[in-house]
Structures are given as structure tokens and as C-alpha cells.
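A look at the structure
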Amino acid sequence: MVVLASTPAVDHIPLLRSPDPGDYFSGMPVVDLSSPGAPRAIADACERFGFFKLVNHGVAVDTMERLESEAVRFFSLPQAERTAPA
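Let us look at the structure shown here. (Residues numbered from 1 in each chain as written. Predicted model: local features only at pLDDT ≥ 70, side-chain atom pairs only at ≥ 80, totals over all residues. Heavy atoms only, no water.)

Overview of the overall build of the protein
Inclusion rule: We count a stretch as a helix when DSSP gives it H or I for four or more residues in a row; a strand needs E for two or more, and each element gets its number in order from the N terminus. Exposure is judged per residue with a 1.4 Å probe applied to protein chains only, and the accessible area is read against the type maximum: over 50% gives exposed, under 20% gives buried, and values in between give partly exposed. In what follows, a contact means two residues having at least one pair of non-hydrogen atoms within 4.5 Å. Values of accessible area rely on a 1.4 Å probe in the Shrake-Rupley scheme; residue burial ignores everything except the protein chains shown.
The helix and strand inventory of the protein stands at three helices and two strands. Going from the N terminus to the C terminus, the protein shows its helices and strands as β-α-β-α-α. By the burial criterion, 6% of the 86 residues in the protein qualify as buried. Within the protein, counting contacts between residues at least 6 apart in sequence, those at least 24 apart form 41% of the total. A total of about 7,200 Å² of accessible surface is found on the protein, and carbon and sulfur atoms cover 62% of it.

A word on the pattern of salt bridges
Rules: Any carboxyl oxygen of Asp or Glu that lies within 4 Å of a side-chain nitrogen of Lys or Arg is treated as forming a salt bridge with it.
If you walk through the whole model with that rule in mind, you get three salt bridges. Between arginine 40 and aspartate 44 there is a salt bridge; the shortest N-O distance is 2.9 Å. Residue arginine 40 and its partner aspartate 44 are both found in helix H1 (residues 38–48); the two are separated by four residues, about one turn of the helix. The class of arginine 40 is partly exposed, set by a relative accessible area of 46%. In this structure, the salt-bridge partner of arginine 40 is glutamate 47, at a minimum N-O distance of 3.7 Å. Under the relative-accessibility criterion, glutamate 47 is labelled exposed at 52%. Several salt bridges converge on common partners, so that one network encompasses Arg40, Asp44 and Glu47.

Examining the packing of aromatic side chains
Each aromatic ring pair is described using two quantities: the centre-to-centre distance and the angle formed by the ring planes. As a reminder of what qualifies: Each pair of aromatic rings taken from Phe, Tyr and Trp, with Trp reduced to its six-membered ring, is defined by centres within 6.5 Å and is described as stacked if the planes are under 30 degrees apart, edge-to-face if over 60, and tilted in the remaining cases.
Inspection of every chain in the model, using the stated rule, returns two aromatic pairs. Between phenylalanine 49 and phenylalanine 51 the ring centres are 6.5 Å apart and the planes differ by 55 degrees, which places this aromatic pair in the tilted class.

Looking at unusual backbone geometry
Located in the positive-phi region is asparagine 56, a residue other than glycine, with phi close to 60 degrees. Structurally, asparagine 56 can be placed in the loop between strand S2 (53–55) and helix H2 (61–75). A relative accessible area of 52% places asparagine 56 in the exposed class.

Side note on a nonpolar patch on the surface
As a reminder of what qualifies: A residue counts toward a patch only above 30% relative accessible area and without a salt bridge, and it is joined to like-charged neighbours within 9 Å or, for Val, Leu, Ile, Met, Phe, Trp and Tyr, to nonpolar neighbours within 5 Å.
On the surface, a nonpolar cluster with roughly 290 Å² of combined accessible area is contributed by Met28, Val30 and Phe51. Summarising the element assignment, valine 30 is placed in strand S1 (residues 30–32). Relative accessible area serves as the criterion here: at 52%, valine 30 is assigned to the exposed category.

Note that all results are geometric; they support no functional claim without further evidence.
Structure representation (C-alpha cells):
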């Protein structure tokens, strides 16, 4: 999920790190939440790639599909409509 701030999110990132040579991959990093190593795998994926796919999280498929649909609808709105009133 992405949360929009009143200023561009990139303004809050002090450094942008170049990827390490081993950080190139042919697919989406996948983290299995049922694995004992899940916390470390999440941290690694965030540090190396900035994103990952989470599996075995227990959220129903229909719930995930609705969330994705609502996120697409929300992010397709103009910026002014996404900003909460002050």
C-alpha cells in the first residue's frame, strides 16, 4: 500500500542507494510469510529492491482483489482529489 504525503515522498528520502551488482533479478522477490525466515526476507527485499510479493499471508483472494481494485481507482484520481481536506 502506498501512502501519499502532502509533499512528494521522494522529498522524505535522504539517500537513494544504487543497487548492488547481485541485486538484479529476473522476477519479483517473493516472501513466504509462513517461513521462519520471513522477517529477514522482508527486510532484505525492502533494502535490496524496495518491493516484494507476499505469499501465505492468510488474506482471502476476494479481499485482495477488492483492495487492488480500490487502489487502482484511488491512484487514477487527479492529485487534488486524493488530498484530504485540511
